[in-house]
Amino acid sequence: GFTGYKNEEHIVELAQCLALSGYVTIRFDCSGFAESEGDIERDYRLSNYYFDVEAVFEYLKTLENVDREKLAIWGNSLGGTIALCFASKNSWLKAVCAVSAPTEFARKDNFERRTKKWQEMGYFEKESSEYGYIRIPYEYVVDSKKWNALESVENIKSPSLYIIGLADKNVFPENTRELFNKAND
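Because the structure is a prediction, the values reported are computed rather than measured. (Residues numbered from 1 in each chain as written. Predicted model: local features only at pLDDT ≥ 70, side-chain atom pairs only at ≥ 80, totals over all residues. Heavy atoms only, no water.)

Caption draft 1: Representation of helix 4 (residues 78–89) within the structure. Taking 1.5 Å per residue as the helical rise, helix 4 with its twelve residues ought to reach 16 Å, and the 17 Å between its terminal C-alpha atoms agrees with that figure. Of all twelve residues that make up helix 4, eleven are buried, and the element is covered over most of its length. Buried within helix 4 are the following residues: Leu78, Gly79, Gly80, Thr81, Ile82, Ala83, Leu84, Cys85, Phe86, Ala87 and Ser88. (Helix = DSSP H or I, 4+ residues; strand = E, 2+ residues; numbered from the N terminus. Expected span 1.5 Å × (residues − 1). Buried < 20%, exposed > 50% of the residue type's maximum accessible area, 1.4 Å probe, protein only.)

This is the structure in structure tokens:
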């Protein structure tokens, strides 16, 4: 998700539960953030996040204990958007799960006002529970406009699971419901 990282408690717990059930899981930090290479100013973009996902799957395919015929993807929030976009371009995936995925990066409520301030300052400052205050550059917003899950879901061929977070304060439930309604049978 947006400013999420691989060591968040819910991500670690999910990976451990899946591993106990016999699945191989990979958690990763996206380019420019947390333990990943690069820096936020230059590298933290949804496009790079997508390329990171591609690199993770290329790596997975090299592991002996991975069944290349049973690869799936899971993403939370903005990671769910990227998972859906990735699944729409990779029909070999056996399943995709998107949790509280927005249709696109921008929430419609007061996003225009917030992005104007973001553009004026050149960055958006957000507190991370692990990394303190971080500054996400305005270029992130510009790049994010290239990614729209609502335009991707109808191209997904693999079984898909959409989980809606009714108490989510960042992604409106109707956003994820809209993705579900536009998806293939």
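Caption draft 2: Quick look at unusual backbone geometry. For Thr3, which is not glycine, the phi torsion reads 60° and is therefore positive. Take Thr3: it is sitting in the segment before helix 1 (9–20). Among the residues examined, Thr3 registers a relative accessible area of 6% and is labelled buried.

Caption draft 3: Structural view of the pairing of strand 3 (residues 123–128). Of the strand pairs in this sheet, strand 3 and strand 4 (residues 132–137) are connected by six bridges, and their pairing is antiparallel. Across the sheet, Glu127 pairs through a bridge with Tyr133, a residue of strand 4. Between strand 3 and strand 4, which pair antiparallel in sequence order, lie three residues. (Pairing = 2+ DSSP bridges.)

Caption draft 4: Summary view of the packing of aromatic side chains. Counted under the stated rule, the structure contains 14 aromatic pairs. Ring geometry for Tyr50 against Phe51: centres 6.2 Å apart, planes inclined by 80°, an arrangement best described as edge-to-face. Its relative accessible area of 5% is what places Tyr50 among the buried residues. Ring centres 5.1 Å apart and planes at 15° place the aromatic pair Phe57 and Phe86 in the stacked group. Of this pair, Phe57 sits in helix 3 (residues 46–60) while Phe86 is found in helix 4, placing the two residues 29 residues apart along the sequence. Residue placement shows Lys61 over the ring face of Trp92; its charged tip is 4.0 Å from the ring centre. (Phe/Tyr/Trp six-rings, centres within 6.5 Å; stacked < 30°, edge-to-face > 60°. Lys NZ or Arg CZ within 6 Å of the ring centre and 35° of its normal.)

Caption draft 5: Structural view of the sheet that holds strand 5 (residues 160–163). Spatial strand order, 1-2-5: three strands in an open sheet with parallel pairing. Each edge of the open sheet carries a strand with a single partner, namely strand 1 (72–76) and strand 5. For this sheet the average axis-to-axis angle between neighbouring strands, irrespective of direction, equals 5°. In this structure, strand 1 lies alongside strand 2 (residues 95–99), joined through five bridges in parallel fashion. Each residue of the ladder has a partner; that of Asn76, found in strand 2, is Val99. (Axes fitted to C-alpha atoms, helices over the stretch in contact; angles between N-to-C directions.)

Remember that the coordinates give geometry; whether it matters functionally is a separate question.
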